[in-house]
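Chain and residue survey
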Amino acid sequence: MGGGTAGADIGGLNALRQRLGRWIQAKTLTGLDPGPYDLTVRKNLRVPMDDGVVLLADLITPLRDTDSRLPTIVIRGPYGRSGPVANSARALAREGFRVLFQSCRGTSGSEGAFTPQIDEQRDGIATHRWVRAQPWHTGPIATYGSSYMGFTQWAVAAELERTDPDSAPEALCLQITMPDFGAVTWDNGAFAMRNALGWTQMMDRMIHREMLPLVLSRLRPDAKLRTAFDVLPLTAGDTAANGRQVDWYQDWVTYEDLADEYWTQQSHTASVPEVTAPMYMVTGWYDIFLPWQLRTYAQLAAAGRPPRLTVGPWGHLSRGMGAPSIRETVEFLKEQFADGPTTRVAPVRAFRTGADEWHDLAAWPPQGVSTRSLFLQPGGGLGPGDPAGGSTTYVYDPSDPTPALGGPSLEPTSDPVDNTAHERRADVVVFRGDVLVESLTVAGEPVARIRFRSLRPSADLFVRICDVHPDGRVMTVCDGIRRIGSIGTKSTDPEPDSEGFRIVEVHLWPTFHEFAVGHRIGIQISSGAHPRYARNPGSGEPAATATSLHRAEQEISHESATPSCIDLPTWPH
């Protein structure tokens, strides 16, 4: 009698937990109906690494039998195994997949010290081999995850295919990620301070279990972080933000040359074309990793294995990306392994901003793209004709740095912002095209080619394309930065000509944007976007230790022999 009552109580509690889990998923992954399977979770499985360190993982499985052809999904990340990051894992399990969700070395109970990127290849390989040996594992393995959890996929995929193909994943599902975090940390020579220092503060607090400041920083801007952005030298930023030095941050600011072994040992870009497993990729036009993720897509396409790709109107933390990402992942994996149906009509789905519509495409960039060059004219014009000569000058003062305005970030929103007030600054020069009588779509990676001279040894060029609306709004489309004259850029710096000018190429964020009839194309040029990028002190000294700030007189040439211009990849649709 008592045993039956206890059993009923347990059964009722489990039913309540299942309903609560489905309710949480419906609220956090808006627009995604929870799958048909109830779940069971085995917590804190101990996964041994080759050096004896033990990492913890949760195994999330459907409560009843599912299609044995479906893969076990491996997720490896440093952000814990509960809360929002676990919701996607549970959503996948509700669709019939076994999911192993592991915490990286030194995080959330896993042993060892967390050193970002460095240990993910060896730990990932050991984890894949362990999964294959477990009695609960049947069938193939797929990997899944966004951001850092995508990097952990790149860390193992090619290496396992090369050295132990029986342990290699049979599919990869990669969201808002890239295989080389050095390239985004030192973006074309400029230190991406807002993301690097903000992420360091967050992870250091998670590791030290400082939960109150961690929670508060997600609810409002963090005062310590805002102060730390202005601290010099850069090596003091972590102490200002968290009250202590963080080893990996010290390495990041010290090694500003991406050719250094510190960065090359953790880069997996070169091995991308070696991965033969099918892939699904999702990213957003305002994501911090977008250029590099699309370049990995291009590497695989050139190797004859283009991934399935979705690019939406999202930033790194956009909630709107969650539901379509899970839905398309489930469809992709069931199609690959269980003969499931597909709603996909083309390999690429891309959202065209400006027009606010989705397009199904055979490839990215879309077929038919051609280059249209617009030249920067003296007096602020922008057009197809050769400029008449002369130059445009401005002064950059790192003690009053040109501020960042929006742009891809680790903030909840990276949507386009209005630049009207920003363009009134004396250190921002503006060029405007004529009012468009026909719409124009830019589809790809614009490149600015600026004949540029600075009176300082080192300088930055920050270029932004804007959509100038008839009502006066000046909305961001995309932008990019390039540093010259620093320790990290010496091997790639263009040579100055006899007058001291250099032709500086600035690759902007990829975009898929329609400029409508009646709108104008706007170009902004400045020499910084603080604190998104650390200000350039102008001295050419090591960025980590420089403390002296120098005003810089900058000059853009409009001479017709080598005119400054921007090349737009245009799509005739």
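Conventions and cut-offs
Residues numbered from 1 in each chain as written. Predicted model: local features only at pLDDT ≥ 70, side-chain atom pairs only at ≥ 80, totals over all residues. Heavy atoms only, no water. Buried < 20%, exposed > 50% of the residue type's maximum accessible area, 1.4 Å probe, protein only. Helix = DSSP H or I, 4+ residues; strand = E, 2+ residues; numbered from the N terminus. Pairing = 2+ DSSP bridges. Right-handed = clockwise from strand over helix to strand, strands pointing away. Axes fitted to C-alpha atoms, helices over the stretch in contact; angles between N-to-C directions. Parallel < 35°, antiparallel > 145°, perpendicular 65-115°, else oblique. Contact = heavy atoms within 4.5 Å. Nonpolar A, V, L, I, M, F, W, Y, C, P; charged D, E, K, R; others polar. Patch = residues over 30% accessible without salt bridge, like charges linked within 9 Å, V, L, I, M, F, W, Y side chains within 5 Å. Areas by Shrake-Rupley, 256 points an atom, 1.4 Å probe, with all protein chains shown as cover. Salt bridge = Lys/Arg side-chain N within 4 Å of Asp/Glu carboxyl O. Core = buried A, V, L, I, M, F, W, Y, C linked by side-chain atoms within 4.5 Å. Disulfide = S-S within 2.5 Å. Lys, Arg positive; Asp, Glu negative; His and termini not counted. Polar contact = N/O pair within 3.5 Å; in protein donor to acceptor, adjacent residues only side chain to side chain. Phe/Tyr/Trp six-rings, centres within 6.5 Å; stacked < 30°, edge-to-face > 60°. Lys NZ or Arg CZ within 6 Å of the ring centre and 35° of its normal.

Digging into the pairing of strand E9 (residues 279–286)
Of all eight residues that make up E9, eight are buried, and the element is covered over most of its length. Relative to E9, strand E6 (residues 171–175) runs parallel, the two being bridged by four bridges. By the bridge assignment for E9, Cys-173 is matched with Tyr-280. Sheet topology places E9 next to strand E10 (residues 308–315); six bridges connect them, and they run parallel. Bridging across to E10, Tyr-280 finds its partner in Arg-308. Of the crossover connections in this fold, the one passing from E9 over helix H12 (residues 290–302) to the parallel E10 is right-handed.

Let's talk about the packing of helix H3 (residues 120–132) against helix H4 (residues 148–163)
Following both chains from N to C, one finds H3 and H4 inclined at 75°, their axes separated by 9 Å at the closest point. In this view, H3 runs roughly perpendicular relative to H4, as classed from their interaxial angle. Of the residues in H4, those in contact with Glu-120, Gln-121, Gly-124, Ile-125 and His-128 of H3 are Tyr-148, Phe-151, Thr-152, Ala-155, Val-156, Glu-159 and Leu-160. Residue composition of the contact of H3 with H4, grouped by class: six nonpolar, four polar and two charged.

Brief notes about a nonpolar patch on the surface
Among the surface-exposed residues, Leu-212, Val-215, Leu-216 and Leu-219 lie close enough to one another that they form a single nonpolar patch of about 390 Å² accessible area. Along the chain, Leu-216 falls in helix H7 (residues 211–219).

Points about the sheet that holds E10
Strand order in this open sheet of 10 strands is E1-E2-E4-E3-E5-E6-E9-E10-E11-E12, and the pairing throughout is mixed. Where the open sheet ends on each side, the last strands, each with one partner, are strand E1 (39–48) and strand E12 (357–361). Strand-to-strand twist across the sheet, computed as the mean angle between neighbouring axes with direction ignored, equals 20°. Bridging between strand E5 (residues 141–146) and E6 involves five bridges; their strand directions are parallel. Following the sheet pairing, Tyr-144 is matched in E6 by Cys-173. Packed on one face of the sheet, H3 meets E1, strand E2 (54–62), strand E3 (72–77), strand E4 (98–103) and E5 and runs near 150° to E3. Along the sheet, H4 makes contact with E3, E4, E5, E6 and E9, crossing E5 at roughly 145°.

Quick notes on the nonpolar core
Ranked by size, the top nonpolar core spans 131 residues in total, and within it Phe-191, Trp-285, Trp-364, Ile-465, Ile-523 and Ile-525 carry the most contacts. Considering every element that reaches this core, the biggest residue donor is helix H13 (residues 322–338), with seven residues. With sequence-adjacent residues up to four places away left out, Ile-523 is seen in contact with Leu-376, Leu-382, Val-429, Val-430, Phe-431, Val-463, Arg-464, Ile-465 and Ile-566. If you look at the next biggest cluster of nonpolar residues, it comprises 14 residues, including Leu-55, Val-74, Val-131 and Ile-141.

Focus on the sheet that holds strand E19 (residues 459–468)
Strand order in this open sheet of four strands is E16-E23-E19-E20, and the pairing throughout is antiparallel. Edge positions in the sheet fall to strand E16 (429–432) and strand E20 (474–484), since each of these pairs with one other strand and no more. Averaged over all pairs of adjacent strands, the angle between their axes in this sheet comes to 20°, without regard to strand direction. Two elements, E19 and strand E23 (residues 520–526), share seven bridges in a ladder whose sense is antiparallel. Note on E23: the bridge partner recorded for Cys-466 is Gly-522.

What about the state of the cysteines?
Applying the stated criterion to the full structure yields zero disulfides. No disulfide involves Cys-173; its sulfur sits 18 Å from that of Cys-104, the nearest cysteine. The structure places no disulfide on Cys-478, whose sulfur is separated from the nearest cysteine sulfur, that of Cys-466, by 9.0 Å.

A closer look at the side chain of Arg-194
Tracing the chain through its elements places Arg-194 in helix H6 (residues 193–207). For the buried residue Arg-194, which engages in no salt bridge, the nearest side chain bearing the opposite charge is Glu-411, 5.7 Å off. A distance of 3.4 Å separates the side chain of Arg-194 from the backbone oxygen of Gly-406, its partner in a polar contact. Setting aside chain neighbours within four positions, we find Arg-194 in contact with Phe-229, Ala-404, Gly-406, Gly-407, Pro-408, Ser-409, Pro-531 and Arg-532.

Here's the deal with the packing of aromatic side chains
Counted under the stated rule, the structure contains 23 aromatic pairs. Measuring from centroid to centroid gives 6.1 Å for Tyr-280 and Phe-332, while their planes differ by 35°, and the two rings are tilted. Within this pair, whereas Tyr-280 is found in strand E9, its partner Phe-332 is found in helix H13, the two being separated by 52 residues in sequence. Residues Tyr-280 and Phe-332 agree in their burial class; the two are buried. Site record: aromatic cluster; members linked through ring pairs are Phe-114, Tyr-148, Phe-151, Phe-181, Trp-199, Trp-248, Trp-252 and Phe-289. A cation sits over an aromatic face here: Arg-64 above Tyr-37, 4.3 Å from the ring centre. The side chain of Arg-349 reaches across the aromatic face of Trp-358, ending 4.4 Å from its centre.

Looking at the pattern of salt bridges
Tallied over the full model, the rule gives 38 salt bridges. Note that Arg-76 is salt-bridged to Glu-120, the shortest N-O span being 3.0 Å. Of this pair, Arg-76 sits in strand E3 while Glu-120 sits in helix H3, and the two are 44 residues apart along the sequence. As a salt-bridge pair, Glu-423 and Arg-432 come within 2.5 Å of each other at their nearest N and O atoms. Across this residue pair, the class does not change: Glu-423 and Arg-432 are buried. Through salt bridges that share partners, Asp-51, Arg-105, Asp-119, Arg-122 and Asp-123 make up one connected network.

Overview of the environment of Arg-105
Within the element layout of this structure, Arg-105 appears in the loop between E4 and H3. Classification of Arg-105 as buried rests on a relative accessible area of 6%. Through-space distance from the C-alpha of Arg-105 to that of Ala-544 is 27 Å; in sequence the pair is 439 residues apart. Here Arg-105 is in contact with Met-49, Asp-51, Val-53, Leu-55, Ser-110, Glu-111, Gly-112, Ala-113, Phe-114, Asp-119, Arg-122 and Asp-123, once residues within four sequence places are set aside.

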